Amino acid sequence: MEWKNQTILVEFFLKGLSGYPRLEILFFVLILIMYVVILLGNGTLILISILDSHLHTPMYFFLGNLSFLDICYTTTSIPSTLVSFLSDRKTISFSGCAVQMFLGLAMGTTECVLLGMMAFDRYVAICNPLRYPIIMSKDSYVPMAAGSWIIGVVNSAVQTVFVVQLPFCRNNVINHFSCEILAVMKLACADISGNEFIMLVATTLFILTPLLLIIISYTLIIASILKIRSSEGRSKVFSTCSAHLTVVIIFYGTILFMYMKPKSKETLNSDDLNATDKLISMFYGVMTPLMNPLIYSLRNKDVKEAVKHLLRRKVFKKS
């Protein structure tokens, strides 16, 4: 199909919750509070993982990376979303949209791979405890974390480059809070089957493969736990990986609900369903980083002790 009178778009309009001013005010307050908690909670986890020598282990190194990742991920979209809630101007430049797409996809991909690495770490710790110091040495876990970031950046760079090269004309309204890559692709006045194929391959490699690693790891972990005779021993071993498992369930559960729900339902009342999709996406983008530090703080004895120790040090210095 040939498109006539093509124009080069210089900006996009982010629809968000336009038309619902009261909802915008409500969500501005809620998201602002959540964002502050995300910064404080994840910042605290990063701080204690650096300052407390007892937490200088692979597990907490990965956790520190995850917390930093959550801060970066939310910062790519939440501040601009908050501004749009209070402003009549809800536009974003083409280059700004490209940067937001790149950062959001890079952080999301990195988190998927990093959660897979953390599952492998828990598998080795529980199923091969004697070999754990050798397998998960610093020469192993640092490259594993670095590799997660590199994979995220490379995957995002490839997909973003292919999207920004698409021709955009006529419609510049993104039916979303931010420049989510799928929402932007739908605006292209060209065949996007190639982009969809690249996205399918990337999804398989960087979302489903880590998920498969997590499933295999926890299957082996559960099998190992069931072999422990005492209930106290089983409870103690399971507590070492329950926090990570909870984070995985929330993270992947939201992704699977967003992208694998039946499309046949989106026939009637499509506007309401689209609004629901956007709110679910916000849950995915805000609630997961919000829950991570809370889960690790409430379900992890070492983290709680480290936080108490850090608070005591501050109180002692003040006195």
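Residues numbered from 1 in each chain as written. Predicted model: local features only at pLDDT ≥ 70, side-chain atom pairs only at ≥ 80, totals over all residues. Heavy atoms only, no water.

Describing the UniProt feature "transmembrane region" (unreviewed entry) in the protein
Item 1. Taking the numbering used here, the UniProt-annotated feature "transmembrane region" (unreviewed entry) corresponds to residues 25–48, 60–78, 98–120, 141–162, 197–225, 237–259 and 279–298.
Item 2. End C-alpha to end C-alpha, residues 25–48 measures 35 Å, and it is 100% helix and 0% strand.
Item 3. End-to-end, the C-alpha atoms of residues 197–225 are 40 Å apart, and along that stretch the chain is 100% helix and 0% strand. (UniProt positions renumbered as here; feature names shortened; annotations may be inferred. Helix = DSSP H or I, 4+ residues; strand = E, 2+ residues; numbered from the N terminus.)

Thoughts on helix H8 (residues 193–226)
Item 1. The terminal C-alpha atoms of H8, which comprises 34 residues, lie 47 Å apart, in line with the 50 Å expected from a rise of 1.5 Å per residue.
Item 2. The largest bend along H8 measures about 30 degrees and falls at threonine 203.
Item 3. Turning to H8, its buried residues are Asn195, Met199, Ala202, Pro210, Leu211, Ile214, Ser217, Tyr218, Ile221 and Ile225. (Expected span 1.5 Å × (residues − 1). Bend = angle between axes of the 7 residues up to and from the residue. Buried < 20%, exposed > 50% of the residue type's maximum accessible area, 1.4 Å probe, protein only.)

Quick look at the state of the cysteines
Item 1. In total, this model carries one disulfide according to the counting rule given.
Item 2. Disulfide partner of cysteine 97: cysteine 179, at an S-S distance of 2.1 Å. Sign of the S-S torsion, about -125 degrees for the bond between cysteine 97 and cysteine 179, identifies this disulfide as left-handed. Of this pair, cysteine 97 sits in helix H4 (residues 94–127) while cysteine 179 sits in the loop between strand E3 (173–174) and helix H7 (181–185), and the two are 82 residues apart along the sequence. For the pair formed by cysteine 97 and cysteine 179, the shared burial category is buried. (Disulfide = S-S within 2.5 Å.)

Looking at the packing of aromatic side chains
Item 1. By the definition in use, this model includes eight aromatic pairs.
Item 2. Both rings, one in phenylalanine 12 and one in phenylalanine 168, keep their centres 5.7 Å apart while their planes meet at 85 degrees; by these two values the pair is edge-to-face. Remark: phenylalanine 168 occurs in the loop between helix H6 (138–164) and E3 and phenylalanine 12 occurs in strand E1 (residues 11–14); sequence separation between them is 156 residues. Residue phenylalanine 12 shares its accessibility class with phenylalanine 168, and that shared class is buried.
Item 3. Between the aromatic rings of phenylalanine 68 and tryptophan 149, the centroid separation amounts to 5.8 Å while the plane-to-plane angle is 45 degrees, which identifies the pairing as tilted. Within this pair, whereas phenylalanine 68 is found in helix H2 (residues 58–75), its partner tryptophan 149 is found in helix H6, the two being separated by 81 residues in sequence.
Item 4. Note on tryptophan 149: relative accessible area 19%, which makes it buried. (Phe/Tyr/Trp six-rings, centres within 6.5 Å; stacked < 30°, edge-to-face > 60°.)

Things to note about the side chain of serine 156
Item 1. Position of serine 156 relative to the elements: it lies in helix H6.
Item 2. Excluding anything up to four places from it in sequence, serine 156 contacts Met101, Phe102, Leu103, Leu105 and Ala106. (Contact = heavy atoms within 4.5 Å.)

Points about empty space enclosed by the protein
Item 1. For the structure on display, the rule yields five cavities of 30 Å³ or more.
Item 2. Approximately 60 Å³ is the volume attributed to the largest cavity.
Item 3. Lining the largest cavity are 10 residues, with Leu14, Lys15, Gly16, Ser84 and Phe177 positioned closest to its centre.
Item 4. In the lining of the largest cavity, the residues fall into four nonpolar, three polar and three charged.
Item 5. The set of elements that each furnish at least two residues to the lining of the second largest cavity consists of H2 and H4.
Item 6. Looking at the lining of the second largest cavity, the element that brings in the most residues is H4, giving three residues.
Item 7. The residue makeup of the lining of the second largest cavity, split by class, is four nonpolar, one polar and two charged. (1 Å grid on protein atoms, 1.4 Å probe; cavity = no way out; pocket = protein on both sides within 12 Å on 5 of 7 lines; lining within 4 Å. Points joined across faces, edges and corners; volume = space filled by probe spheres on them. Nonpolar A, V, L, I, M, F, W, Y, C, P; charged D, E, K, R; others polar.)

Considering the pattern of salt bridges
Item 1. Per the stated rule, a full pass over the model turns up one salt bridge.
Item 2. Ionic pairing is found between aspartate 121 and arginine 122, a salt bridge with its closest N-O pair at 2.9 Å. Like arginine 122, aspartate 121 is buried. (Salt bridge = Lys/Arg side-chain N within 4 Å of Asp/Glu carboxyl O.)

So, the pairing of E1
Side-chain direction in a regular strand flips from residue to residue, so the side chains alternate between the two faces of the sheet.
Item 1. Alternating residues of E1 divide into Phe12 and Leu14, all buried, and Glu11 and Phe13, none buried.
Item 2. Here E1 runs beside strand E2 (residues 91–93); their pairing, made up of three bridges, is antiparallel. Looking at E2, one finds that glutamate 11 is bridged to serine 93.
Item 3. Sheet topology note: the E1/E3 ladder contains two bridges and is parallel. Considered in E3, the bridge of leucine 14 is made with isoleucine 174. (Pairing = 2+ DSSP bridges.)

Things to note about the packing of H2 against H6
Item 1. It is at 10 Å that the axes of H2 and H6 come closest, and there the two elements cross at 20 degrees. By the criterion of interaxial angle, the relationship of H2 to H6 is roughly parallel. With respect to the hand of their crossing, H2 and H6 are arranged in right-handed fashion. Facing H2, whose interface residues are Pro58, Phe61, Phe62, Asn65, Phe68 and Leu69, H6 presents Tyr141, Val142, Met144, Ala145 and Trp149.
Item 2. Class assignment of the residues belonging to the contact of H2 with H6 gives a composition of 10 nonpolar, one polar and no charged. (Axes fitted to C-alpha atoms, helices over the stretch in contact; angles between N-to-C directions. Parallel < 35°, antiparallel > 145°, perpendicular 65-115°, else oblique. Left-handed = near helix turned anticlockwise from the far one by under 90°.)

Brief notes about the packing of H6 against H8
Item 1. Running from N to C, H6 and H8 point in directions that differ by 170 degrees, and their axes come no closer than 10 Å. Considering the angle they form, H6 stands roughly antiparallel to H8. Along its contact with H6, which presents Ile151, Asn155, Gln159, Phe162 and Val163, the element H8 presents Asn195, Ile198, Met199, Ala202 and Phe206.
Item 2. In terms of residue class, the contact of H6 with H8 is made up of seven nonpolar, three polar and no charged.

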